[in-house]
Each structure stands twice: as structure tokens, then as C-alpha cells.
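# Working through the structure, step by step
Residues per chain are reported as follows:
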Amino acid sequence: MTAKERPQTKGRRPLLTKWSSVGGQKSETNNIMTHPTAHVYPVDNIDTDRIIPGKYTKTLDMSALASHVLEDLDPDFAKKVQQGDILVAANNFGCGSSREQAPIAIKASGISVVVAKTFARIFYRNAINIGLPVVEVEHHNIQSGDSISVDLENGLVTNHTRDETYQAARMPQQMIDILNAGGLVNYLVKHGDYV
Amino acid sequence: MAQTISEKIISKHAGKPVRAGDIAIVHVDGVMATDATSPFAMKSFREMGGKKLWDSEKVSLIIDHASPAPNETVANLHKLMREFSNEMGCRLYDIGEGICHQLMVENAHVKPGDLFLGADSHTPTYGALNAFGIGVGSTDLAATMLTGKTWLKVPKTIKLTVNGEMKTGVTAKDVILFLVKELGVEGANYQVVEFTGETIKQMTLASRMVLANMSSEMGAKTGLVDPSGLELPYSFEPIFPDPDAEYTRELIFDISALRPQIAKPHSPENVVSIDELIGTKIHYAFLGSCTNSRLEDLHAAADVLKGKKLSNGVRLIIAPASKRIFNDALKDGTIEILSDAGATFITSGCGPCVGSHLGVPGDGEVVISSTNRNFQGRMGNPKALIYLGSPAVVAASALAGQIAEPEK
């Protein structure tokens, strides 16, 4: 799907916060706003080997990681994703390895936010640390192709296609601070230590 | 305030009493990263403005995941690690020394009561030592390399009590596979598991490491084993939970009737009794990983294979957990028995378990493995089928050419 074919919704640009700008609108022409498209994989326990197989992790090349992201689950995933899109999964997303290459590969593929019912703990931390927002939403009705925006500040996920809003779980303040800084590297550059 | 083991260890490192649910900034006793995670950690460390480590004595880098280097990309990452270690003065375990977790325990870089961070998801292994080992990613690790600290949410704890005498042929691996099935791969997410009970109090350190190691397969932040009966080559003060500590769940199991357990493809929670799988044809048996490749595991395999030959068409690959273990097994004759039976020895390290190299299965091939994960693609080929079992079952299956248990 090209950007032009995306479902479009009329709407006011929401108040920009650092967070909503991460997961929010990506283009705006006059008063027409396009929202990121959801790629939904309603599967529990998508492990880090399926996100990025171990055989590809030994690299510092982000584009190489992005080209293999989720390939054992959906060989076309990397081709489908456009910058800013949203990945939606079910329970325990990212279980298994501590490889930070997993959220890095997802972020490098263009995904701006991952929505899941629950995340495995190391993946969750890693994603925040590299500045990839992740939100836990227990109940939603998001289907692939739906047009979604995420307000991270208030923990709200809006489905523009179905005109529904879903509540996300609240993150610990420490994580909000790290995410607001743009990730743990920037947080430490700014503060020099944990504060 | 009654506390769990986690609350006690974290309180000590936070410098104030904490309880489950609190956010704490804690001092860390040591960190380690492997060749799978060091490159990003070193990169993040530099991006954070890191010029020197908070304490170079407390930082270990280990080349074990793709060791020795299978290609030039990995060779260059290894080179970066060697250069970083020279520049920063931290410890480096180069190729062949062993698997990270084995090395940390074997060389006492982690000790009882410690709070230790590893950029590897099997860092909970140190719970066998009564230490709090947390698996983190590269950037978290880099932050600790710089500050000596990390932040964490004090986890709630699930208490697992295991009683009963294990039947002949049943091992810690069978117990933990059974427990992973009972709790599920998400059963302890964001939580800690404490292992206690009569069965566990009698286990060796190596067996305790199997339990703690695979608590990560329940999603646990760490797995802490009751230190009763723990024997170490140095003295230590064991940390026990208070009798009225709070748990989210308390489960009691009697494993006296437990049979050897096998996890079927493609999840470590997909566990059945070996009886359901006897006769499943296999092509490849792997004895290795941070879960099961210590001396007692090699001995279990040698007991099965002594004076015998592998089944025709089956390959058995063995990666001992460390060079020290390999040398011990060499001295006591175990290596000769296994080699005579037809086993192939590879570098001590992770290789086949993480699909890096040194033993990737072919399409449609069936693997019986002593490792911890059988996710699709885990060993490098999404078209292979991986079954997990104990070292004795791996050896017996290699001998029979099909999933089998050792003769009694």
C-alpha cells in the first residue's frame, strides 16, 4: 500500500507532544491527516527468534537487521511496512532472548509503535531504551490495515477506521522519563546518571 | 516487613528497604555481555559519552555466541571487543574459554547475594548461587558500564515447592521442563520464581543452574533457588525468604512419579512425557548450552554411550560449557568414551543453540537437544524441528536413532 492509498481521516492535528509525534501523524495536507497503518499478527508468544533470527543478529548494520525482521512469521513484512506504521501483536510479544536487535530491527523497518496485549519484560525494556514506544492494550479490535494513532502521553490508542479508542496500561515513571528523552542513551547524555 | 529473597537482595543494593512494586535505583555488583550483545553495548556506551568504565574489574566480555568467528562480519565484532577490553581494561574471555554464565559462576565473578546484570536472557542462572541475575539488553548494560547502577521495578514472586524423590533417569532438566509446562512461557512475566522443596535442596550446583537458567523460559525476571544444601568452594551467607513473605502464587508439586520430559516444537512450554514420543526418528542430537553441558551432563551422556556406537545416520555434537569442564572430562576419561561412541566435539560456546554456526540442522530434520529453547528457527533453520530433553535422553536418542530414554 502506498501512502496515497492509505485510508484518510479528516481531523484536527492533535496537540503535539514528544510522544504523540513518535507514534502519530506522518503527513498532513491542508486539513486531511493520514494515520499510520496497523499490521496485525494476532499470535501469542512471538519470540525474538521470529522477530530477528539469531543468525542475523551479529551485525551493527541496522538496514541488514530491518531486511530480515519477522521474516519467519511473514516473509513480506519488511516490504509491507511504511515509515511510521504500527505493529500489533497479542500476548508476551518478544519473549526469549535479550537481543536488543529485536526492537532495533522493528524500529529500523519503519514501525513507530508496537501495540500488544503484553510484552516479555526484556523486550519491553529494550524497546523503551532504544526509543521505540511500546504500549500494552488488553482489549482492542484493531485489524490489519486499520488506521491508528497512539497518544502515548495519555495512554490512548485510537482506531480511526472503526472510530474506537482503547486504553493502554500505564508505564512506570522511570520509563516515561527515558522515552521522553528519546531513549536511554539520550537520557544518560542529559542526566549523566540515573535520577 | 517480611521479605522475599528478591526484596532482600534489592533492598541491600538500593540502600533502603523496598517491597514488590517499588521502583528502585540499585548498585550493581558486576556485568557481562557476549559477542551477541557487546557490540551494541559498546556502541551505546560511547554514545552516552562513556570514556571509562565505572569499575573495569566488574565488567566481563565473553566471546561465546559465534565462537570462533564464522565470517568476517563476526570476526570484526570480535576484534572490536578485544580492542574495547584493551582500551578499558576490562576482562575478556576469548574464544573457547566457555559459555558466559558458566564462566561467571566458575570464576566467582558472581557470588551469593550479588545483584548482577548480564546482556543475555539466561542471566537468571545465577539464582542457583542465591544471586539476583537479571537479563537485560545492550543499552541497559551500557548504562551500568557507565554508572554502576540500573533501575528496576521490584518484582513480585511466585513460590514453587518441589518435593519427592526423582525416579532413576529423571533430572533437574525434567523438573524444569515440567514446571515450564505448568506455568507457561508467560507464567512468570515481570515476576521472580523462588524454587524450594526437598527435591531441590538435594541438588548439585550444576542442577540448580538448570532450574534457575530456564526460569527465563517462564518469562521470569530471575529464578532464585533455595540455598539450603548449596555447596560452594568458598564461604557465604545464605539469604532465605522470611517465613511470612508475600507471594503472588504458591504452587507445590510432588515429582516422585515424574517421567523424563520433552518439549516438542516450537515452544519450551509444549512439554509431554517421553512416553508419548518414544520412537520419534531423529537426525541430530546436541549436547550443549548454558542449560546442560556441565560435567555431570557429560557424565550422564557417557554413562549411556560407554562402549557403544551412535545410530547410523545420527550425529551427536557436544559443546562442553567451558574449557575447564572439557579438561576435567578429558582427565577423567569422559571425552574418550563419548568420542569413541562417535560424538563430535566443538568449541565451548553457544553456537548451535542460537543458530550461529557449528551445527545448523537441515530442512525437515529432527533435533533432540539439551538446550533451553526450541523456537522455530532457533538453531538457524526455521524448517527444522527441535525437541528439548535432558542430557541422558539426548545421548540415549543418539544411540537409538529415535527419541529414547536410557536403559535402566
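Residues numbered from 1 in each chain as written. Chains lettered and ligands numbered in written order. Predicted model: local features only at pLDDT ≥ 70, side-chain atom pairs only at ≥ 80, totals over all residues.

## Digging into the overall build of chain A
What chain A contains, in helices and strands, is 8 helices and 10 strands. Relative to its 195 residues, chain A shows a buried fraction of 49%. Long-range contacts, defined here as pairs at least 24 residues apart, represent 65% of the contacts in chain A between residues at least 6 apart. (Helix = DSSP H or I, 4+ residues; strand = E, 2+ residues; numbered from the N terminus. Buried ≥ 20, exposed ≤ 12 C-beta atoms within 10 Å, placed from the backbone. Contact = placed C-beta atoms within 7 Å.)

## Looking at the overall build of chain B
Across its full length, chain B holds 12 helices and 18 strands. The C-alpha atoms of chain B give 20 Å as radius of gyration, which agrees with the globular expectation for 408 residues (22 Å, within 12%). Along the three orthogonal principal directions, the C-alpha set of chain B runs to about 60 × 50 × 40 Å. Burial statistics for chain B: of 408 residues in total, 61% are counted as buried. Sequence-distant contacts in chain B: of pairs separated by 6 or more residues, those separated by 24 or more amount to 77%. (Rg over C-alpha atoms; globule rule 2.2 N^0.38 Å.)

## Digging into unusual backbone geometry
A negative phi holds for most residues other than glycine; trans holds for most peptide bonds. For the peptide bond that leads from Ser 67 of chain B to Pro 68 of chain B, omega is -10°, which places it in the cis range. Along the chain, the position of Pro 68 of chain B falls in the loop between β3 (59–62) and α3 (72–88). The step from Pro 265 of chain B to His 266 of chain B runs through a cis peptide bond, and the omega angle for that step is -5°. At Asn 92 of chain A, a position not held by glycine, the phi torsion is positive, near 55°. Relative to the elements of secondary structure, Asn 92 of chain A occurs in the loop between β5 (86–89) and α5 (101–108).

## What about the sheet that holds strand β6 (residues 113–116) of chain A?
Residues and elements named next belong to chain A. In space, the 4 strands of this open sheet follow the order β4-β5-β6-β7, with parallel pairing throughout. Because the sheet does not close on itself, it has two edges, and the strands there are β4 (38–41) and β7 (134–136). The mean angle between the axes of side-by-side strands here comes to 20°, regardless of whether they run parallel or antiparallel. Here β6 pairs with β7 via 3 bridges, running parallel. In the strand pairing of β7, Val 115 is matched with Val 135. (Pairing = 2+ DSSP bridges. Axes fitted to C-alpha atoms, helices over the stretch in contact; angles between N-to-C directions.)

## Here's the deal with the interface of chain A and chain B
The partner chain B presents 48 residues to the 36 residues of chain A that form the contact. Mapped by element, the contributors of at least two residues to the side of chain A that touches chain B are α2 (48–51), α6 (121–129) and α8 (184–191) of chain A. With 5 residues, α6 of chain A is the single largest residue contributor to the side of chain A that touches chain B. When the residues that make up the side of chain A that touches chain B are grouped by side-chain class, the tally is 12 nonpolar, 13 polar and 11 charged. (Nonpolar A, V, L, I, M, F, W, Y, C, P; charged D, E, K, R; others polar.)

## Regarding the packing of helix α6 (residues 172–183) of chain B against helix α8 (residues 205–213) of chain B
Any two packed helices are characterised by the angle at which their axes cross and by the distance between the axes. Residue and element names in this part refer to chain B. At a closest axis distance of 9 Å, the pairing of α6 and α8 adopts a crossing angle of 20°. One finds that α6 runs roughly parallel with respect to α8. Crossing hand, α6 versus α8: right-handed. Where α6 abuts α8, its residues Ala 172, Lys 173, Val 175 and Ile 176 lie against Ser 207, Val 210 and Leu 211. The residue makeup of the contact of α6 with α8, split by class, is 5 nonpolar, 1 polar and 1 charged. (Parallel < 35°, antiparallel > 145°, perpendicular 65-115°, else oblique. Left-handed = near helix turned anticlockwise from the far one by under 90°.)

## Regarding the confidence of the model for chain B
In the predicted model, chain B carries a mean pLDDT of 97, and 100% of its residues have values of at least 70. For this predicted complex, the interface confidence comes out at an ipTM of 0.93, alongside a pTM of 0.93. (pLDDT = per-residue confidence, 0-100.)

## Considering the domain arrangement of chain B
All names here are of chain B. Partitioning chain B into domains gives domain 1 (5–151), domain 2 (156–254) and domain 3 (261–400). Just the C-alpha atoms count here: the centres of domain 1 and domain 2 sit 23 Å apart. Looking at the side of domain 1 that touches domain 2, the elements that each hand over two or more residues are α1 (5–14) and β6 (132–135). Split into classes, the residues belonging to the side of domain 1 that touches domain 2 amount to 10 nonpolar, 9 polar and 2 charged. (Domains from an automatic or database assignment.)

## Some thoughts on the pairing of strand β18 (residues 385–388) of chain B
All names here are of chain B. Of the two faces of β18, the one lined by Leu 385 and Tyr 387 and the one lined by Ile 386 and Leu 388 are each fully buried. Where strand β17 (residues 366–369) meets β18, 4 bridges bridge the pair, whose relative direction is parallel. Bridge pairing in β18 places Val 367 opposite Ile 386.

## A few points about helix α9 (residues 295–305) of chain B
All names here are of chain B. Every buried residue belonging to α9 is among Asp 297, Leu 298, Ala 300, Ala 301, Ala 302, Val 304 and Leu 305, and all of these are buried. The inward-facing, buried residues of α9 contact β14 (284–287), α10 (323–331), α11 (334–341) and α12 (391–400). Positive phi shows up at Gly 307, right after α9, with a value of about 75°.

## So, the packing of helix α2 (residues 38–47) of chain B against α3 of chain B
All names here are of chain B. Where α2 meets α3, the closest approach of the two axes is 10 Å, and the angle between their N-to-C directions is 50°. With respect to their mutual orientation, α2 and α3 come out oblique. Crossing angle aside, the handedness with which α2 passes α3 is left-handed. Where α2 abuts α3, its residues Ser 38, Pro 39 and Met 42 lie against Leu 77, Leu 80, Met 81 and Phe 84.

## Structural notes on the nonpolar core
The biggest cluster of nonpolar side chains holds 179 residues, and the ones touching the most others in it are Val 114 of chain A together with Ala 301, Leu 338, Val 367 and Ala 395 of chain B. Excluding residues within four positions of it along the chain, Val 367 of chain B makes contact with Ile 282, Tyr 284, Phe 286, Pro 361, Met 379, Ala 384, Leu 385, Ile 386 and Tyr 387 of chain B. (Core = buried A, V, L, I, M, F, W, Y, C linked by C-beta atoms within 7 Å.)

## Examining the environment of Val 195 of chain A
As for its position among the elements, Val 195 of chain A is in the segment after α8. Accessibility expressed as a C-beta count within 10 Å gives 11 for Val 195 of chain A, which makes it exposed.

## Side note on the environment of Val 59 of chain B
Residues and elements named next belong to chain B. Tracing the sequence through the fold places Val 59 in strand β3. When the C-alpha positions of Val 59 and Lys 221 are compared, they lie 21 Å apart, and in sequence the two are 162 residues distant. Beyond its immediate chain neighbours, meaning those up to four positions away, Val 59 contacts Val 31, Leu 53, Cys 90, Arg 91 and Met 145.

## Description of the sheet that holds strand β10 (residues 164–167) of chain A
Residues and elements named next belong to chain A. Here we have 3 strands laid out as an open sheet, ordered β8-β9-β10, and antiparallel in their pairing. With one partner strand each, in any of the chains shown, β8 (148–151) and β10 form the two edges of the open sheet. Put simply, the sheet's adjacent strands are angled 20° from each other on average, direction ignored.

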